[in-house]
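# Report on the structure
Chain residues, written in single-letter form:
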Amino acid sequence: MSEVVSYRRQGVIGVITVNYPPVNALGHAVRSGLLAALEQGQADADAKVLLLLCEGRTFMAGADIREFGKPMQAPGLPQVIDAYENCRKPVVAAIHGTALGGGLETALGCHYRVALASAKLGLPEVKLGLLPGAGGTQRLPRLTGAQKALELITSGDFVAAPQALALGIVDAVDAGDDIKAVGLAFAQSVADEGKPVRRVRDLSDKVEAAKGSDMFEQFRAGLAKKARGLFSPFKCVDAVEAAFTLSFDDGMKRERELFTECMASPQRAGLIHAFFAEREVAKVPGLAKDTPVRDIDSVGIIGAGTMGGGIAMNFANVGIPVTMVEVKQEALDKGLAIIRRNYENSAKKGRISQAQVEERMALINTSLSYDDFKDVDLVIEAVFENMAIKKEIFAKLDEVCKPGAILASNTSTLDIDEIASATQRPEDVVGMHFFSPANVMKLLENVRGSKTSAEVKATVMAVAKTINKVGVLVGNCHGFVGNRMLHKRGAEAMALVNEGASPQQVDKVLTDLGYPMGQFAMSDLAGIDVGYRIREERRKAGETVEASWMDKLVEQGRLGQKTQAGVYKYEDGSRTPIVDPVVEQIIADFRAEQGITPRAISDQEILERCMYVMINEGAKILEEGIADRALDVDVVWIYGYGFPAYRGGPMFWADQLGLDTILAAVKTYQDRVGGAQWQPSPLLEKLVSEGKTFADL
Ligand code: T1G
């Protein structure tokens, strides 16, 4: 008997128990243990019914993703599940926690399923660039019918146990919390009632009902927009369709073929890298796992604007009271009204109840005085990007806030050390850079100052988890990790338009790569006056800042979506960018003023100049220790800027393209375009000379 799967009889029930922390993933040891335990149960003459359950936090949460990309050791999961399905005795699966992927597929191979009401079930393989590869696409539709199976398998969404009961996925749900007692009681009822072996593969009524329908074509059409650029969702549809056109065994063969195609796709590699990277970033090199973390039970926010309000919502959403401070009452009233409208919209969409709207609004207090910060555990400053104003604020906070309170700035580019220098407690000062809209975007870029204490770093990383954000700890430089790379991409995009490309051509190259929106559409969303004001600030500080056709747009009142005109124009109530001949003329006039003769620019050049300049900058960020690992940069870009997770993040994507290809192009643009941004990163050169990748770091 393997140490991860045990067999023991209780009365007439043969109990098979999996114990393989942390999530009972179906690694080789579990798969072979399951077979051995089943054989023991079959041979045990006194066992009338077999019961499969798991110790620990959850039923099996799927195949062991760490095995992917390596040769699969027999027995494969389909073989294990077949053995359970063909067992001569009824087998009951007792589900708690999250029965996911191969775990749910194993339960579907059993003859009955009982779940705790608190359990969740799902087939999330599509989120890893895969499809259920152990019979899920053939068995689930036989229980739920085609439509529901297609929805669950192509979305990867989890369903709560009561909904799974309604869908026919489980046979019973129990409000208890002792999965062993619930499992034994259900198995005993199967024995007492003499219930037969009931193989899901033999259930045919749902299959007959959908024969000949054109629902699969319709479903594919509906997927086209939602799954733009993705590979596996469409393979999921093919696999489920096979359950309605082929015999069960042939359907299983078809599922295996399609699964193999997905396993071989670069999208699977990218998505699995993103899955683990999202978890690795929480393990900060050099920050001990047991670093003390301060309790954050109340939060102060300075500024009730777009960012301040969005940040406040994150804390109210998880029951943490927030006090927002502004300089004028009408700013507080406006900020609260926006927050309420956001919550009401979520309630209208059924995401939260009206009661939750009121609960959360009740947690958001407002004030015109810093004195209301005297007891808070954390203050987050979210005002205009002006260093003098921020230092004034932090000096005041230093006077008002209690010892041990953490003083954070939401600055997106400015020097955390300089901000900290305005206080007597630099060890308690840190950057917490939220991404707009702050109540939606998952990334929280936590910026360590040179004096920020380990405790404060650990605390803001814990806060990220508490407010359901993906926290990444980064170093202090202009723009930190995300915006430092974004500024390079933006400068190249502007240069490309100056040289002859159109904004829409640049944006299309980026959306074709998989970004949700292009550089210029994103500028319109954020407001192109933001960049304009920063350029004005730099000019006032005596810097030489290049003229830009963007400035001419702002000077004509074209600020972006908020004025229904920016780089693009927008119809009433629409966010869809529309090319505007007025802007094309402004760009043409600007080129003429600058003496530039526009040239046709290829999409490939646009892709290389926008993306490789970012990768080169990312390498410099790694060299300088601003990011600890390439995966930190990947996570920042996936969760902060919508870089397509199926490409794994910019640095993972660069590894897949080949760093030699990247470096050669960087050198080409160093000659043709010039500028510090095309100075090849020494780290990039070193990796190429050693035949290594960013992942090797
Ligand atoms: N394989 C290996 N390790 C896993 C894992 C898995 N499937 N799931 C989680 N872990 C690790 C994770 O890396 C972390 O490790 C720890 O467990 C806790 O996870 C044939 C082919 C289950 C909802 O996609 O959704 O089955 O960092 O931090 O927030 O058709 O993990 O502690 O070292 O996420 O409580 C399908 C993926 C696989 C489920 C728990 N299954 N996992 O969330 O904890 S493909 C999935 C999750 C498949 C079959 C196909 C979540 C969770 P460490 P965590 P959590």
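Nothing here was measured: the structure is a model prediction, and the numbers come from that model. (Residues numbered from 1 in each chain as written. Predicted model: local features only at pLDDT ≥ 70, side-chain atom pairs only at ≥ 80, totals over all residues. Heavy atoms only, no water.)

Moving on, we come to the site of the ligand. Around the ligand, the surrounding shell holds 27 residues, and the nearest of these are Arg57, Glu105, Glu125, Arg279 and Lys283. A distance of 2.9 Å is found between an oxygen atom of the ligand and a backbone nitrogen or oxygen belonging to Gly102. Contacts to the ligand include Arg279, whose side-chain N or O atom sits 2.7 Å from an oxygen atom. Look at the ligand: alone it shows 990 Å² of surface, and the protein chains cover 77% of it. For the shell around the ligand, the secondary structure elements donating two or more residues are β5 (98–100), α3 (102–109) and α12 (266–280). Its residues placed into classes, the shell around the ligand shows 15 nonpolar, five polar and seven charged. (Near = heavy atom within 4 Å. Polar contact = N/O pair within 3.5 Å; in protein donor to acceptor, adjacent residues only side chain to side chain. Areas by Shrake-Rupley, 256 points an atom, 1.4 Å probe, with all protein chains shown as cover. Helix = DSSP H or I, 4+ residues; strand = E, 2+ residues; numbered from the N terminus. Nonpolar A, V, L, I, M, F, W, Y, C, P; charged D, E, K, R; others polar.)

Moving on to the sheet that holds strand β7 (residues 120–122). Taken together, three strands build an open sheet; the order of strands is β5-β7-β8 and the sheet is mixed. In this open sheet, the two strands that pair with only one neighbour each are β5 and β8 (158–160). Across the sheet, the mean angle from the axis of one strand to that of its neighbour is 20°, orientation sign disregarded. As paired elements, β7 and β8 share three bridges and run antiparallel to each other. Across the sheet, Leu121 pairs through a bridge with Val159, a residue of β8. Contacts from α3 reach β5 and β7, with the element oriented near 85° to β5. (Pairing = 2+ DSSP bridges. Axes fitted to C-alpha atoms, helices over the stretch in contact; angles between N-to-C directions. Contact = heavy atoms within 4.5 Å.)

Before going further, it helps to spend a moment on the packing of helix α28 (residues 659–672) against helix α29 (residues 682–689). Contact geometry of α28 with α29 gives a least axis separation of 9 Å together with a crossing angle of 135°. With respect to α29, the axis of α28 lies oblique. Seen from above, α28 lies across α29 with left-handed handedness. Of the residues in α29, those touching α28 at Leu659, Asp660, Ile662, Leu663, Val666 and Lys667 are Leu684, Glu685, Leu687 and Val688. For the contact of α28 with α29, a count of residues per class yields seven nonpolar, no polar and three charged. (Parallel < 35°, antiparallel > 145°, perpendicular 65-115°, else oblique. Left-handed = near helix turned anticlockwise from the far one by under 90°.)

This part covers the side chain of Asp507. Its location among the elements puts Asp507 in helix α20 (residues 503–513). Within the buried core, Asp507 has no salt-bridge partner, and the shortest N-O distance to an opposite charge, that of Arg489, equals 7.0 Å. Beyond its immediate stretch of four places on either side in the chain, Asp507 contacts Gly518, Gln519, Phe520, Ala521 and Tyr568. (Buried < 20%, exposed > 50% of the residue type's maximum accessible area, 1.4 Å probe, protein only. Lys, Arg positive; Asp, Glu negative; His and termini not counted. Salt bridge = Lys/Arg side-chain N within 4 Å of Asp/Glu carboxyl O.)

Right, let's get into the domain arrangement of the protein chain. Entries for the protein chain in the domain assignment read domain 1 (5–254), domain 2 (265–285 + 602–625 + 628–697), domain 3 (299–478) and domain 4 (502–600). When each unit is reduced to the centre of its C-alpha atoms, the spacing between domain 2 and domain 4 is 26 Å. In total, domain 2 and domain 4 occlude about 1,100 Å² of area from one another, counting both sides; carbon and sulfur atoms represent 64% of this. Inspection of the domain 2/domain 4 interface yields one salt bridge. (Domains from an automatic or database assignment. Buried area = accessible area lost by both parts, 1.4 Å probe.)

Our focus in this paragraph is the pattern of salt bridges. Per the stated rule, a full pass over the model turns up 50 salt bridges. Across the salt bridge formed by Glu67 and Arg31, the nearest N and O atoms sit 3.0 Å from each other. Of this pair, Glu67 sits in the loop between β3 (49–54) and α2 (77–85) while Arg31 sits in helix α1 (residues 28–43); the two residues are 36 residues apart in sequence, bridging distant segments of the chain. Residue Glu67 is classed as buried on the basis of its relative accessible area of 18%. For Arg31, a relative accessible area of 2% corresponds to the buried category.

Turning next to the pairing of strand β15 (residues 429–434). Among the six residues that make up β15, six are buried, leaving the element largely enclosed by the rest of the structure. Here β15 shows a buried face lined by Val429, Gly431 and His433 and a second buried face lined by Val430, Met432 and Phe434. Across three bridges, the pairing between strand β14 (residues 406–409) and β15 is parallel. By the bridge assignment for β15, Leu407 is matched with Val429. The sheet contact formed by β15 and strand β16 (residues 443–448) spans five bridges and is antiparallel. If you follow Met432 over to β16, its bridge partner there is Asn446.

So, about the sheet that holds β3. The strand order β1-β2-β3-β4-β6-β9 describes an open sheet built from six strands, whose pairing is mixed. Unpaired on one side and paired on the other, β1 (5–10) and β9 (172–174) mark the two borders of the sheet. Averaged over all neighbouring strand pairs, the angle between strand axes comes to 20°, with direction disregarded. Alignment of strand β6 (residues 112–116) against β9, held across three bridges, turns out to be parallel. By the bridge assignment for β9, Val114 is matched with Ala172. Relative to β3, helix α7 (residues 179–192) is tilted by about 160°, and along the sheet it contacts β1, β2 (13–18), β3, β4 (91–95), β6 and β9.

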